[in-house]
Amino acid sequence: MPRHFLFLLSSARRGGNTETLARRAAAALPARVGQDWRDLNSPGLPAFRDRRHGDHYDPPEPAAQALLTATEVATDLVFVCPLYWYGLPAPAKLYLDHWSHWMRLGTGFREGMAGKRIWLVMTHSGSRPEEIAPAVDCLRHSASYMKAAFMGTLLGFANAPGEILADAAALAAADRFFTA
Ligand SMILES: Cc1cc2nc3c(=O)[nH]c(=O)nc-3n(C[C@H](O)[C@H](O)[C@H](O)COP(=O)(O)O)c2cc1C
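Below: a short report on this structure.

Some remarks on the side chain of threonine 18
Here is step 1 of the chain: Summarising the element assignment, threonine 18 is placed in helix 1 (residues 17-26).
Here is step 2 of the chain: Apart from the residues within four sequence positions on either side, threonine 18 is in contact with Val80, Cys81, Pro82, Val121, Met122 and Thr123.

Focus: the nonpolar core
Generally speaking, soluble globular proteins have nonpolar side chains that are buried together.
Here is step 1 of the chain: By size, the foremost hydrophobic cluster in this structure holds 33 residues, and its most contacted members are Leu77, Phe79, Tyr95, Trp99 and Ile118.
Here is step 2 of the chain: Beyond its immediate chain neighbours, meaning those up to four positions away, phenylalanine 79 contacts Leu8, Ala92, Tyr95, Leu96, Trp99, Ile118, Trp119, Leu120, Val121 and Leu139.

With respect to the sheet that holds strand 3 (residues 76-82)
Here is step 1 of the chain: Taken in spatial order, the five strands of this open sheet run 2-1-3-4-5, and their pairing is parallel. The outermost strands of the open sheet, each flanked by one partner alone, are strand 2 (34-39) and strand 5 (149-157). Adjacent strand axes in the sheet meet at a mean angle of 15° when their direction is disregarded.
Here is step 2 of the chain: Looking at chain direction, strand 1 (residues 4-9) and strand 3 are connected through five bridges and run parallel. Bridge pairing links phenylalanine 5 to aspartate 76 in strand 3.
Here is step 3 of the chain: Against the sheet, helix 6 (residues 168-177) touches strand 4 (117-124) and strand 5, its axis set at about 155° to strand 5.

Topic: the environment of tyrosine 84
Here is step 1 of the chain: Within the fold, tyrosine 84 resides in the loop between strand 3 and helix 3 (90-102).
Here is step 2 of the chain: For tyrosine 84, the contacting residues outside a window of four places in its chain are Ser11, Ala12 and Pro89.

Here we look at the site of the ligand
Here is step 1 of the chain: Taken together, 17 residues sit near the ligand, with Ser11, Asn17, Thr18, Ser127 and Asn159 positioned nearest.
Here is step 2 of the chain: Within the contact set of the ligand, an oxygen atom lies 2.6 Å away from a side-chain nitrogen or oxygen of threonine 18.
Here is step 3 of the chain: A distance of 2.9 Å is found between an oxygen atom of the ligand and a backbone nitrogen or oxygen belonging to alanine 158.
Here is step 4 of the chain: Notes on the ligand: free accessible area 640 Å², of which the protein chains cover 79%.
Here is step 5 of the chain: Mapped onto the shell around the ligand, the elements with two or more residues apiece are helix 1 and strand 4.
Here is step 6 of the chain: In terms of residue class, the shell around the ligand is made up of six nonpolar, 10 polar and one charged.

Re the pairing of strand 3
Remark: a regular strand shows side chains that alternate across the two faces of the sheet.
Here is step 1 of the chain: Burial analysis of strand 3 places seven of its seven residues in the buried class, which makes it a mostly covered element.
Here is step 2 of the chain: On strand 3, burial covers both faces: Asp76, Val78, Val80 and Pro82 on one face and Leu77, Phe79 and Cys81 on the other are all buried.
Here is step 3 of the chain: As defined by bridge partners, strand 3 adjoins strand 4 across seven bridges and the pair is classed as parallel. Residue pairing for strand 4: valine 78 is matched across the bridge by tryptophan 119.

Structural notes on the pattern of salt bridges
Here is step 1 of the chain: According to the stated counting rule, one finds 13 salt bridges in the structure shown.
Here is step 2 of the chain: As a salt-bridge pair, glutamate 131 and arginine 128 come within 3.2 Å of each other at their nearest N and O atoms.
Here is step 3 of the chain: With a shortest N-O distance of 3.2 Å, aspartate 137 and arginine 140 are connected by a salt bridge. Note that aspartate 137 and arginine 140 are positioned in helix 5 (residues 129-145) at a spacing of three residues, about one turn of the helix.

Comments concerning the environment of alanine 170
Here is step 1 of the chain: With respect to the helices and strands, alanine 170 occurs in helix 6.
Here is step 2 of the chain: Counting along the chain gives 15 residues from alanine 170 to leucine 155, while the straight-line C-alpha distance between them is 6.4 Å.
Here is step 3 of the chain: Not counting the four nearest positions on each side in its chain, alanine 170 is found in contact with Leu21, Leu154, Leu155, Gly156 and Ile164.

Calculation rules
- Residues numbered from 1 in each chain as written.
- Predicted model: local features only at pLDDT ≥ 70, side-chain atom pairs only at ≥ 80, totals over all residues.
- Heavy atoms only, no water.
- Helix = DSSP H or I, 4+ residues; strand = E, 2+ residues; numbered from the N terminus.
- Contact = heavy atoms within 4.5 Å.
- Core = buried A, V, L, I, M, F, W, Y, C linked by side-chain atoms within 4.5 Å.
- Buried < 20%, exposed > 50% of the residue type's maximum accessible area, 1.4 Å probe, protein only.
- Pairing = 2+ DSSP bridges.
- Axes fitted to C-alpha atoms, helices over the stretch in contact; angles between N-to-C directions.
- Near = heavy atom within 4 Å.
- Polar contact = N/O pair within 3.5 Å; in protein donor to acceptor, adjacent residues only side chain to side chain.
- Areas by Shrake-Rupley, 256 points an atom, 1.4 Å probe, with all protein chains shown as cover.
- Nonpolar A, V, L, I, M, F, W, Y, C, P; charged D, E, K, R; others polar.
- Salt bridge = Lys/Arg side-chain N within 4 Å of Asp/Glu carboxyl O.

What follows is the structure, given as structure tokens:
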């Protein structure tokens, strides 16, 4: 099956450190690998409503349906996430919450997630490993729940836009992140 990567930007600013690091990693992908870049902020997903018990889920709204389709056709999902308050940025977390809706549409979303590869590109501004671990574990456990493979984290240290270019270790890791 041809590989197709879906990059899910979630920073509250465009062109920031995390996107720069993810684009550096993506540049190492062979040309035959498809790339789809989406900003989870724009268009944003609607608020998630829990309708699991005694209610029903309507078909997703257009922005959510577009993201659902993009997710279904991807072999690889790349969460591009700055560390925000020791967790994933809200748009990335909201996207995960919507999986709970999409799983209940009867369209095979959950079965389709099994076997996909999930990656995390993250930057932070000086948190300790134990402060970063909860964000990574959120994605690792979510992937496991869906029987998807969590492939690992590309971590960079930066704060102001552009500072990631000074993290030589992160840039070197980016060059081999998807291809090692
Ligand atoms: C709302 C918010 C919360 C943040 N929380 C943390 C944090 O918990 N730990 C940390 O090391 N950096 C934190 N940061 C700093 C960002 O992770 C850092 O600036 C990162 O490089 C931003 O990535 P970007 O340029 O892709 O947006 C926070 C930044 C913002 C705006």
